[in-house]
Amino acid sequence: MQPLPITDRSHLLVLTGAGVSAESGIPTFRDAGGLWEGKDVREVATWDGFAADPLRVWRFYSERRRAMADVAPNAAHRALAALEARLGDRFLLATQNIDGLHQAAGSQRVVELHGNLMRSRCSACDRPPFEDRQAYRDGVAPLCGRCRAAGKDAVLRPDVVWFGELLPPGALARVETFGRAAGRELLFLAVGTSGLVEPAASLVDAVARIGGRTWLVNAEPPANAARFDHVALGAAGALLPTLLAA
Ligand SMILES: NC(=O)c1ccc[n+]([C@@H]2O[C@H](COP(=O)([O-])OP(=O)(O)OC[C@H]3O[C@@H](n4cnc5c(N)ncnc54)[C@H](O)[C@@H]3O)[C@@H](O)[C@H]2O)c1
Ligand SMILES: [Zn+2]
């Protein structure tokens with residue numbers, strides 16, 4: 001496939017999903033048949049699952065935090081960061097990933113649609129989310145210090161968006177503002193996402209409505225493949241360096 005036709009007026013909006021981190025060794029969950037690291041996602045990625053058993057959920061996310069120690073960004077993350085260095089404010093990256101690998105590769109204009117594994121927040125009070133790289137000991141659910149000071153016991157939760165929850169405030173608005181300002185100069189590239197999780201799956205339609213052009217890079221045809229102008233099937237780490245070449 002030809003490189004994206006990026007000119008000095010182009011604005012590039014990128015949407016990434018779990019597939020962009022697959023070559024870094026982080027499993028996607030749909031590839032594993034609805035299981036995410038051997039767990040039913042409803043048990044570890046819904047509010048009900050957390051309410052039923054916070055320790056099980058913390059065990060899962062603590063394992064994920066520990067596993068990040070051996071993980072590094074791959075050629076796809078690096079190609080996106082290099083392109084952002086060229087485009088500056090004409091670049092925006094919205095990611096469904098919670099692994100922080102885009103930032104580790106040097107990306108700065110990142111909208112985390114689903115939060116970040118390395119942050120926690122209180123499940124009860126409205127204190128802002130905070131960085132938390134700790135893998136909690138088995139059998140210990142971390143408590144909120146602020147609530148405790150007020151005489152209440154409240155469990156911390158990972159600062160990630162679970163199924164059925166709202167996206168972080170302002171996240172989609174930032175993407176929409178970027179797209180509207182770009183208008184017909186908008187190029188949209190989706191990478192490594194199964195096209196099933198809304199609202200990200202519908203971004204391609206929103207871009208088409210304002211006259212932008214759309215590309216998809218994915219290992220297999222995703223649910224919404226027919227809605228893209230250009231589709232490249234293959235591994236993100238192999239394809240992006242060529243597609244995004246100067
Ligand atoms: N790395 C992470 O942070 C991570 C990992 C697993 C799941 N999740 C969460 O689960 C949800 C899953 O939705 P999703 O659409 O992002 O992921 P998904 O697991 O539903 O789909 C991943 C897609 O990537 C494709 N893929 C696999 N390897 C690839 C590669 N090397 N190059 C290109 N494409 C490849 C697959 O064919 C699949 O269509 C997200 O909301 C995310 O928050 C995050
Ligand atoms: Zn609290």
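Residues numbered from 1 in each chain as written. Chains lettered and ligands numbered in written order. Predicted model: local features only at pLDDT ≥ 70, side-chain atom pairs only at ≥ 80, totals over all residues. Heavy atoms only, no water.

**What to know about the pattern of salt bridges**
What the rule picks out here adds up to 14 salt bridges. The partner of arginine 65 in a salt bridge is aspartate 132, and the shortest N-O contact between them spans 3.4 Å. Taken together, the positions of arginine 65 in helix α3 (residues 54–67) and aspartate 132 in the loop between β7 (130–131) and α6 (145–149) put the pair 67 residues apart, joining distant regions of the chain. Residue classification places arginine 65 among the buried positions, given a relative accessible area of 4%. The closest approach of N and O atoms between arginine 119 and glutamate 112, which form a salt bridge, is 3.0 Å. The exposure class assigned to arginine 119 is partly exposed, which follows from its relative accessible area of 24%. (Salt bridge = Lys/Arg side-chain N within 4 Å of Asp/Glu carboxyl O. Helix = DSSP H or I, 4+ residues; strand = E, 2+ residues; numbered from the N terminus. Buried < 20%, exposed > 50% of the residue type's maximum accessible area, 1.4 Å probe, protein only.)

**A look at the packing of aromatic side chains**
Applying the stated criterion to the full structure yields six aromatic pairs. On the basis of an interplanar angle of 45° and a centroid distance of 6.4 Å, the ring pair of tyrosine 61 and tryptophan 162 is categorised as tilted. In this pair, tyrosine 61 sits in helix α3 while tryptophan 162 sits in the loop between β8 (156–160) and α7 (171–182), placing the two residues 101 residues apart along the sequence. The pair tyrosine 61 / tryptophan 162 is uniform in exposure class, with both members buried. An aromatic cluster is built from Trp47, Phe50, Phe60, Tyr61 and Trp162, whose rings are joined through pairwise contacts. Geometry around phenylalanine 60 places arginine 64 over its ring, the cationic atom sitting 4.7 Å from the centre. Directly above the aromatic system of tryptophan 162 lies the positively charged group of arginine 157, at a separation of 3.9 Å from the ring centroid. (Phe/Tyr/Trp six-rings, centres within 6.5 Å; stacked < 30°, edge-to-face > 60°. Lys NZ or Arg CZ within 6 Å of the ring centre and 35° of its normal.)

**Thoughts on the coordination of the zinc ion (ligand 2)**
With distances of 2.3 Å, the protein atoms coordinating the zinc ion (ligand 2) are Cys122 (SG), Cys125 (SG), Cys144 (SG) and Cys147 (SG). Classification of the site at the zinc ion (ligand 2) as tetrahedral follows from its four donor atoms and the range of 103 to 116° in their angles at the metal. Of note, the donors binding the zinc ion (ligand 2) are all from one chain and are spaced C-x2-C-x18-C-x2-C. Note on accessibility: cysteine 122 and cysteine 125 belong to one class, buried. (Donors = N, O, S within 2.8 Å, 3.2 Å for Na, K, Ca; no water. Tetrahedral: all angles 85-135°; square planar, octahedral: opposite > 155°, others 65-115°.)

**Description of the domain arrangement of the protein chain**
As far as domains go, the protein chain holds domain 1 (11–26 + 72–114 + 167–243) and domain 2 (29–70 + 120–160). Computed over C-alpha atoms only, the centres of domain 1 and domain 2 are separated by 26 Å. The interface of domain 1 with domain 2 comprises ten residues on the first partner and eight residues on the second. In total, domain 1 and domain 2 occlude about 590 Å² of area from one another, counting both sides; carbon and sulfur atoms represent 65% of this. On the domain 1 side of the contact with domain 2, Ile26, Ile98 and His114 bury the most area, a combined 43% of that side's loss. Between domain 1 and domain 2 we count zero salt bridges in total. Taken together, the links from domain 1 to domain 2 amount to zero residue pairs in polar contact (both at pLDDT 80 or more). Looking at the side of domain 1 that touches domain 2 residue by residue, the classes come out as six nonpolar, two polar and two charged. (Domains from an automatic or database assignment. Contact = heavy atoms within 4.5 Å. Buried area = accessible area lost by both parts, 1.4 Å probe. Polar contact = N/O pair within 3.5 Å; in protein donor to acceptor, adjacent residues only side chain to side chain. Nonpolar A, V, L, I, M, F, W, Y, C, P; charged D, E, K, R; others polar.)

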